[in-house]
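Topology and contacts: notes
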Amino acid sequence: MKKFINDPKQFVPEMLHGLALANPDTLRYVPEYNLIHRADAPNDNKVTIIQGSGSGHEPAHVMTVGRGMLDAACPGDVFAAPPMDYIYETTKLMSSPKGVLLLVNNYTGDRMAFDMAQELSEADGVKVRTLFIDDDVSVQDSTYTVGRRGVAGNFFVMKAVGAASENGADLDELMRIGEKVNSVTRTMGLALTACTPPSKGSPLFELGEDEIEVGVGIHGEPGRRRDKWAPANELVEELLEAVVSDLPFASGDRVALMINGLGGTPISELYLLYGIAHDKLTERGITVGRNYVGEYCTSLDMAGASLTLVKLDDEIEALLAAPAEIAIRVF
Amino acid sequence: MKKFINDPKQFVPEMLHGLALANPDTLRYVPEYNLIHRADAPNDNKVTIIQGSGSGHEPAHVMTVGRGMLDAACPGDVFAAPPMDYIYETTKLMSSPKGVLLLVNNYTGDRMAFDMAQELSEADGVKVRTLFIDDDVSVQDSTYTVGRRGVAGNFFVMKAVGAASENGADLDELMRIGEKVNSVTRTMGLALTACTPPSKGSPLFELGEDEIEVGVGIHGEPGRRRDKWAPANELVEELLEAVVSDLPFASGDRVALMINGLGGTPISELYLLYGIAHDKLTERGITVGRNYVGEYCTSLDMAGASLTLVKLDDEIEALLAAPAEIAIRVF
Amino acid sequence: MSAESSPSPSGDLAVAEFVVRVIAETCVENEKYFCDLDSVVGDGDFGYSLARGFEQVLEHWQDFDRTDASTFILKIATAITSRIGGTSGPIWGTGFLRVGMTLKANPAITASDVVAALRSGVEGIKKRGNSDVGDKTLIDALVPAIDAFERAADAGTEASDALRAMATAARSAAEATSAMQAKRGRASYSGERSIGSPDAGAVAVAVLAERLADTWPSRPTV
Amino acid sequence: MSAESSPSPSGDLAVAEFVVRVIAETCVENEKYFCDLDSVVGDGDFGYSLARGFEQVLEHWQDFDRTDASTFILKIATAITSRIGGTSGPIWGTGFLRVGMTLKANPAITASDVVAALRSGVEGIKKRGNSDVGDKTLIDALVPAIDAFERAADAGTEASDALRAMATAARSAAEATSAMQAKRGRASYSGERSIGSPDAGAVAVAVLAERLADTWPSRPTV
Ligand SMILES: Nc1ncnc2c1ncn2[C@@H]1O[C@H](COP(=O)(O)OP(=O)(O)O)[C@@H](O)[C@H]1O
Ligand SMILES: Nc1ncnc2c1ncn2[C@@H]1O[C@H](COP(=O)(O)OP(=O)(O)O)[C@@H](O)[C@H]1O
Ligand SMILES: [Mg+2]
Ligand SMILES: [Mg+2]
Ligand SMILES: [Mg+2]
Ligand SMILES: [Mg+2]
């Protein structure tokens, strides 16, 4: 394993330390709970929005804390839901009279930790609601799972409820918006290489020089199937078909299109994929109203990409277009 | 080679096609010359700023075209300076009465192509000046080279002249500013893995499982030396020492600090490096006035990072802080 | 904790300390092995999560309230729940919590109290994880292991032999999970590809039960 | 283009067409080999750049102005300069440009005119690249190759033998670049590590000269 790292056990704290140092005006860091929060949170006039989940998906979610997005993030270690404690303490520290909204990607570990923390916080008198995100269409047979996984589509839920909460929406309204966005968001990803978690020190799975993993999870969970590498045109067609046919999206729809890099894929390739996907949507009569190209929800150093579509209506499009500010910036 | 690609020969055009589709309001694409330009360029009241260089360094430079940054970019193929033609035609198409500023990273191929294009454009009556950028401290013995290479530090020159040109600065003033910024900018990089150019299809060099390349170039040119992997603290110390001692930067200085990913390194690791570098500068009495963490000038899919310092004064800091807009955005 | 006698409260505490310590040390020692098991169709962090959590338990070993065995286990449960991330924090935390709570209701601990406590722990895990026997989780090793222990205890077997019976049952049940398709946890996303390798949590239960059986004779006696 | 006779303008054109075509085809065929040579201490794109440029030349083969040999070469030079990126575009473009310009000044082309044109090409490259013999570039193969050709031509050797002498000199000069440290181009950044492998441009010159010598007998004659 060749990473920029000192001690695998300190990987997450050291990253958070750097993130806090790089954003002294806007972010605060509470090391005990891996907590990154807005310097101005909690705010009595605003529902607090918190996301946990494991680390290794950066910028999600610690780097998407900021005005119009999350108020706080309390990640667990790499690919591990945060200990219940982190969520409970974060909820208490960040509690607002308007309430707390917990955003949770739909995984067993995350659900359990957030459920427990919610129970405890409510016992303390905090108003808490939890929103589960499950946009991944690669998981087909849900009788054998706890349902779909939450992957890169969580960005859109975060963005929408973040914008609405800046406008003063209450907890019920945020739940409505978040559930609505989640219900029209679909994602499918594929990996060209496996990722290497720092504590494991070797790739999570072995892919041959000409193999890809279709429908891979963002924790390196194997996907729908292993397949042969194919040209970008074919891979985009496969991702797009899986996503479009699932909602389904139809001719005449207006969508947001995201090409999300999984960590090791250069942005040049992501734009190449974007061009193909945009053209293919146009052929299907689907209009791209907003687009997103870059890294939103990664899987450490995995080479790969996911494609997300969100069906837009006026309300969603306005929320996505609202201004926001986060740690990831260029200037 | 596993990349998202159709045909290596179409890699750059297909990427540019996607970039243009993703930015219909702000960018225009002229396929004949790999030209990406602002929709509102050329502007008679503003010096036009153009950067060429090879592709494979994205977001540099096609994705940094926008208000307050470049007016146009006309990249060559991956790691190859643009054919003289592209530069000449771009200069003509984008020429402004206030003149054209060509930004060129200091490499033989780029210098020659830009020199020839400048000669031809001047013969056509276009006012052209060329600014060479050479921030890489890893090239030590300049009698054996054409001098230092231009690497990630080119971002600061672009940003400063971009901001000044928005304020109406003339060509001489932009040359003064650009040369000044270049003269106080220093960079040093290292690679954990080699990159794989699409046309070659295999890594440019072989690094052992525990080896790193110190002082690597952004085209995969070998660096100062091959060394053993070491913990992040030690690697940052090496990069920082090379950079700090070169200008030199001294206690009491105020700097901009950039941790630039080379393409395959996740942003989590970049923030980890940032935290270490920030702390080490603080120990040396050097204040980080502005910071930059992410991918600015990459080397395809290379895992690695570079560290850049810019010595700030009031003029430079104001130019770096000025607003700007480019294709790489999150929202 | 022999099958017949009901030991003194301080004896119960010593047993609880011994058992928890063996579990904690075994998890720390098997970090890599447990991670590797979780890598096959999971995300490879099972051993890491347990090791980090039980390291904390060992580090603060002297600080846990030792009023009695059940209090001690409840404090351990809280530490596990707070410090272990991933699925394992809530699962193992809930298990220890239910064990502690059940024992609290039965101050004079007999072998059948232990069985009741363990069964209650399993019920807690099932509820927490919305899971059951047959889902290819640690439950598939725990349930047969407790059954075996109960049978042995009911037959009046010595504690060390009851533990050995438990370990043997856990091991074969863990191995049997290879043939199952995962219905819970990350492994479930890989569908039929989860068949052919054992569940990491189930194997961990077998390893722990074996270690308890091995070390039982060397426990400090009050 | 034999050493004695001064062939007709149309004969010159045919020779120019033949030579350019051999160069173009050889560069296209050797794309991968030339890239590999450039990978050792360069950036691996030398063959790719040449191949893409000369592909264009071959694709538009019929479109180049064929008024005379020098015009033809000048048009080729422009195409190379416009279409080849990297260092090689300006370098090769300048070389062809100077060759064409020098031939233009000497309408009745003799062997010594060819030598003068080639020398002028090399001077152009040196000026463009701020480089010279000893910098470990294609110049280190070109100069000895032209010297050998000149010696042979001066001695009245047949063209095919003069070309063979040129090829032999180019090959051994290219091999000799292995011992040199690069002072120009990307290879120079690797300092002493550039020693031990030949320069990609120099080897390309050797390959081209050999191919010219090999194919010369089969050239179409007017
Ligand atoms: N819903 C569940 N109920 C009970 N046990 C579960 C459940 N899901 C997973 N497990 C157990 O947890 C183990 C994985 O733990 P861990 O690696 O910490 O989880 P993750 O990385 O998926 O969050 C599995 O091997 C299985 O034994
Ligand atoms: N300054 C120079 N003058 C003459 N030839 C040069 C110079 N620099 C490089 N070369 C030649 O060009 C070759 C590399 O060409 P190419 O790969 O196109 O360049 P790059 O990728 O560095 O832009 C070298 O092998 C060398 O023969
Ligand atoms: Mg996990
Ligand atoms: Mg090149
Ligand atoms: Mg796991
Ligand atoms: Mg090259």
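Nothing here was measured: the structure is a model prediction, and the numbers come from that model. (Residues numbered from 1 in each chain as written. Chains lettered and ligands numbered in written order. Predicted model: local features only at pLDDT ≥ 70, side-chain atom pairs only at ≥ 80, totals over all residues. Heavy atoms only, no water.)

1. Some remarks on the sheet that holds strand 1 (residues 27-30) of chain A
Residues and elements named next belong to chain A. This is how the line gets drawn: One bridge is not enough; two strands pair if DSSP finds at least two bridges between them. Think of it this way: any DSSP run of H or I at least four residues long counts as a helix, any run of E at least two long counts as a strand, and we number them from the N terminus. Here, two residues are considered to be in contact whenever any of their heavy atoms come within 4.5 Å of each other. In this analysis, axes come from line fits to C-alpha atoms, helices being fitted only over the stretch in contact, and the angle between any two N-to-C directions falls in the range 0 to 180 degrees.
Spatially, the six strands line up as an open sheet ordered 1-2-4-3-5-6, and their pairing is mixed. Each edge of the open sheet carries a strand with a single partner, namely strand 1 and strand 6 (128-133). By the bridge criterion, two bridges tie strand 2 (residues 35-38) to strand 4 (residues 72-73) in an arrangement that is antiparallel. Paired with Ile-36 across the two strands is Ala-73, which belongs to strand 4. Against the sheet, helix 5 (residues 171-183) engages strand 3 (48-51), strand 5 (100-105) and strand 6, with an angle of about 5 degrees to strand 6.

2. Topic: the site of ligand 2
Residues and elements named next belong to chain D. Spelled out, the test is: Here a residue counts as near a molecule or strand whenever at least one of its heavy atoms sits within 4 Å of it. By the criterion applied in these results, polar contacts are pairs of N or O atoms within 3.5 Å in which, for protein atoms, one can donate a hydrogen and the other can accept it, and in which residues neighboring in sequence qualify only through two side-chain atoms. Residue-level accessible areas treat just the shown protein chains as cover; the underlying method is Shrake-Rupley with a 1.4 Å probe.
In the neighbourhood of ligand 2, 20 residues make up the surrounding shell, with Asp-45, Thr-87, Ser-88, Ser-131 and Asp-199 lying closest. Take Asp-45: an N or O atom from its side chain is 2.8 Å from an oxygen atom of ligand 2. Contact with the protein chains hides 96% of the accessible area of ligand 2, taken as 570 Å² for the molecule alone. Looking at the shell around ligand 2, the elements that each hand over two or more residues are helix 5 (88-104), helix 6 (111-129) and helix 9 (200-215).

3. A look at the relation of the copies chain B and chain A
Here is the rule we go by: When the copies are superposed, the least-squares fit takes in the C-alpha atoms of residues with a pLDDT of at least 70 in both.
The two copies are related by a screw operation: chain B maps onto chain A through 180 degrees of rotation and 0.0 Å of translation along the axis, at an RMSD of 0.0 Å. What the rotation and shift describe, once combined, is the action of a two-fold rotation axis. By C-alpha distance to the rotation axis, the residue of chain B lying nearest is Gly264(B), at 2.1 Å. When the interface residues of chain B are mapped onto chain A, 100% of them are again interface residues, pointing to one common binding face.

4. Side note on the arrangement of the chains
For the three pairs of chains in contact, the maximum contact count is reached by chains A and B. Over all C-alpha pairs, chain A and chain D never come within contact, reaching a minimum spacing of 18 Å. Nowhere do chain C and chain D come into contact; their C-alpha atoms are at least 37 Å apart.

5. Quick word on the site of ligand 1
Defined as follows: In this classification, the charged set is Asp, Glu, Lys and Arg, the nonpolar set is Ala, Val, Leu, Ile, Met, Phe, Trp, Tyr, Cys and Pro, and all remaining amino acids, among them Gly, are polar.
Around ligand 1, 19 residues are found, and the nearest of them are Asp45(C), Thr87(C), Ser88(C), Ser131(C) and Asp199(C). Those chains with residues close to ligand 1 are chains A and C. Within the backbone of Leu138(C), an N or O atom sits 3.0 Å from an oxygen atom of ligand 1. A distance of 2.6 Å is found between an oxygen atom of ligand 1 and a side-chain nitrogen or oxygen belonging to Asp199(C). Considering ligand 1 on its own, with 570 Å² of exposed area, one finds that the protein chains cover 96% of that surface. For the shell around ligand 1, the elements supplying multiple residues, two or more each, are helix 5 (88-104) and helix 9 (200-215) of chain C. Split into classes, the residues belonging to the shell around ligand 1 amount to four nonpolar, nine polar and six charged.

6. Remarks on the coordination of the magnesium ion (ligand 5)
Residue and element names in this part refer to chain C. The line we're drawing: Only N, O and S atoms count as donors, using a 2.8 Å cut-off from the metal and 3.2 Å for Na, K and Ca, and because water is excluded some sites may appear unfinished. Buried, partly exposed and exposed residues are distinguished by accessible area as a fraction of the type maximum, computed with a 1.4 Å probe on protein chains only: under 20%, between the cut-offs, and over 50%, respectively.
Around the magnesium ion (ligand 5), the protein supplies Asp-38 (OD), Asp-43 (OD) and Asp-45 (OD) as donor atoms, at distances of 2.1 to 2.2 Å. Mapped onto the polypeptide sequence, the residues donating to the magnesium ion (ligand 5) form the spacing pattern D-x4-D-x1-D. Here the magnesium ion (ligand 5) and the magnesium ion (ligand 3) are spaced 3.5 Å apart, with Asp-43 acting as a shared donor. Overall, the relative accessible area of 14% leaves Asp-38 in the buried class.

7. Section: the interface of chain B and chain D
Applied cut-off: A carboxyl oxygen of Asp or Glu within 4 Å of a side-chain nitrogen of Lys or Arg is what we treat as a salt bridge.
Taken together, the 41 residues of chain B in the interface contact 34 residues of chain D. Linking chain B to chain D there are four salt bridges. We note a salt bridge from Asp36(D) to Lys200(B), for which the minimum N-O separation is 3.9 Å. Linking chain B with chain D are six residue pairs in polar contact (both at pLDDT 80 or more), by the criterion used here. At the level of secondary structure, the elements contributing two or more residues to the side of chain B that touches chain D comprise helix 2 (84-93), helix 3 (108-123) and strand 9 (225-228) of chain B.

8. Brief notes about the domain arrangement of chain A
The parts lose accessible area when they come together, and the size of an interface is often stated as this lost area. Residue and element names in this part refer to chain A. Filter applied, for reference: Bear in mind that the domain bounds are from an automatic or database domain assignment. Using a 1.4 Å probe, buried area is obtained as the accessible area two parts lose upon being combined, added over both of them.
The assigned domain composition of chain A is domain 1 (8-183) and domain 2 (185-317). The gap between the C-alpha centroids of domain 1 and domain 2 is 23 Å. Listed as interface residues are 31 residues of domain 1 and, on the opposing side, 37 residues of domain 2. Across the interface of domain 1 and domain 2, roughly 2,700 Å² is buried in total on both sides, 62% from carbon and sulfur atoms. The largest share of the area that domain 1 buries against domain 2 comes from Phe-79, Val-137 and Phe-156, three residues that together contribute 22% of it. For the pair domain 1 and domain 2, the interface holds four salt bridges. A salt bridge links Lys-180 to Asp-313; its shortest N-O distance comes to 2.7 Å. At the boundary of domain 1 with domain 2, the tally comes to 16 residue pairs in polar contact (both at pLDDT 80 or more). At the level of secondary structure, the elements contributing two or more residues to the side of domain 1 that touches domain 2 comprise helix 4 (154-166) and helix 5. Counting residues per element, the side of domain 1 that touches domain 2 draws most heavily on helix 5, at seven residues. A breakdown of the residues in the side of domain 1 that touches domain 2 according to their chemical character gives 14 nonpolar, nine polar and eight charged.

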